[in-house]
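Structural overview
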Amino acid sequence: MKPTAPKPASRDALARMAQIGVLIADDDRRIALIVRQVLESLGFANIHAARDGEQALQMLRTEKIDMVITDWQMQPMDGISLVKYLRTMDDSPNRFIPIIMLTGNADRNDVETARDVGVTEFVVKPFSAKTLCDRIMILIENPRSFIMSRQFIGPDRRRRSAPPPDGTEKRK
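Residues numbered from 1 in each chain as written. Predicted model: local features only at pLDDT ≥ 70, side-chain atom pairs only at ≥ 80, totals over all residues. Heavy atoms only, no water.

With respect to the packing of aromatic side chains
Under the criterion given, the structure shown has one aromatic pair. Geometrically, the ring pair formed by phenylalanine 96 and phenylalanine 146 is edge-to-face, given 4.6 Å between the ring centres and 75° between the ring planes. Of the two residues, phenylalanine 96 is situated in the loop between helix H4 (79–88) and strand E4 (99–103) and phenylalanine 146 in strand E6 (residues 146–148); the sequence distance between them amounts to 50 residues. (Phe/Tyr/Trp six-rings, centres within 6.5 Å; stacked < 30°, edge-to-face > 60°. Helix = DSSP H or I, 4+ residues; strand = E, 2+ residues; numbered from the N terminus.)

So this is what it looks like as structure tokens:
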């Protein structure tokens, strides 16, 4: 049964999705197929698949890819290593690419690890088409600022636009 996804929030987003290149990096072919079907139901047409982080890096160097959806547990290069490479290495094909971590690793430490290496969004397996669609729409319609400092490279971890707790902005 092909999963159904909710319609995108705007016509503009739908038009953009047909042009966005997406890379699915997952060694489980069934999961990759489900993700592909969800993407196709949203209107994505430029979809690539990799079995692990190394193959994903090769594709990122040769294909037009604007978003990555990656599993954590893959061999020989796992999803966390892929994200670290993309965010920190000088020869990264795209340091600023949005990355969704799609994983069964769901405890607090895993979520924090993924956040701290620069994952943009986090989706836990088993997942619903709606959950994945919601995260994709967030990436497209509300992209987060990118932070580059000595301690962190990745999307802004703040989800709210509230002022800092003490009222003093410490970012430069």
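Now that the structure has been shown, we can carry on.
Notes on the nonpolar core
Residues Val35, Leu39, Phe44, Met67, Ile69 and Ile136 are the most contacted members of the largest nonpolar core, which totals 25 residues. Listing elements by their share of this core, those giving two or more residues are strand E1 (21–25), helix H2 (29–42), strand E3 (67–70), E4 and helix H6 (129–141). If you tally residues by element for this core, the top one is H6, at seven residues. Ignoring any residue separated from it by four or fewer positions in sequence, one finds valine 35 in contact with Ile24, Ile69, Leu102, Phe127 and Leu132. Counting 24 residues, the second largest nonpolar core, distinct from the first, contains Leu23, Ala25, Leu86 and Ala114. (Core = buried A, V, L, I, M, F, W, Y, C linked by side-chain atoms within 4.5 Å. Buried < 20%, exposed > 50% of the residue type's maximum accessible area, 1.4 Å probe, protein only. Contact = heavy atoms within 4.5 Å.)

Topic: the sheet that holds strand E2 (residues 46–50)
Taken in spatial order, the five strands line up as E2-E1-E3-E4-E5 in an open sheet, and their pairing is parallel. The open sheet is flanked by E2 and strand E5 (121–124), the only strands paired with a single partner. The sheet shows a mean angle of 20° between the axes of neighbouring strands, taken without regard to direction. Here three bridges tie E3 to E4, and the two strands are oriented parallel to one another. By the bridge assignment for E4, threonine 70 is matched with methionine 101. (Pairing = 2+ DSSP bridges. Axes fitted to C-alpha atoms, helices over the stretch in contact; angles between N-to-C directions.)

Section: the packing of H2 against H6
It is at 10 Å that the axes of H2 and H6 come closest, and there the two elements cross at 60°. The angle between the axes of H2 and H6 places the two elements in the oblique class. Regarding H2 and H6, the two cross each other, and that crossing is right-handed. Within the contact between the two elements, H2 uses Val35, Val38, Leu39 and Leu42 and H6 uses Ala129, Leu132, Cys133 and Ile136. Split by residue class, the contact of H2 with H6 holds eight nonpolar, no polar and no charged. (Parallel < 35°, antiparallel > 145°, perpendicular 65-115°, else oblique. Left-handed = near helix turned anticlockwise from the far one by under 90°. Nonpolar A, V, L, I, M, F, W, Y, C, P; charged D, E, K, R; others polar.)

Description of the pairing of E5
Relative to E5, E4 is paired through four bridges, and the arrangement is parallel. Within E5, the residue paired with isoleucine 100 across the bridge is glutamate 121. Handedness of the crossover joining E4 and E5 through helix H5 (residues 108–117): right-handed. (Right-handed = clockwise from strand over helix to strand, strands pointing away.)

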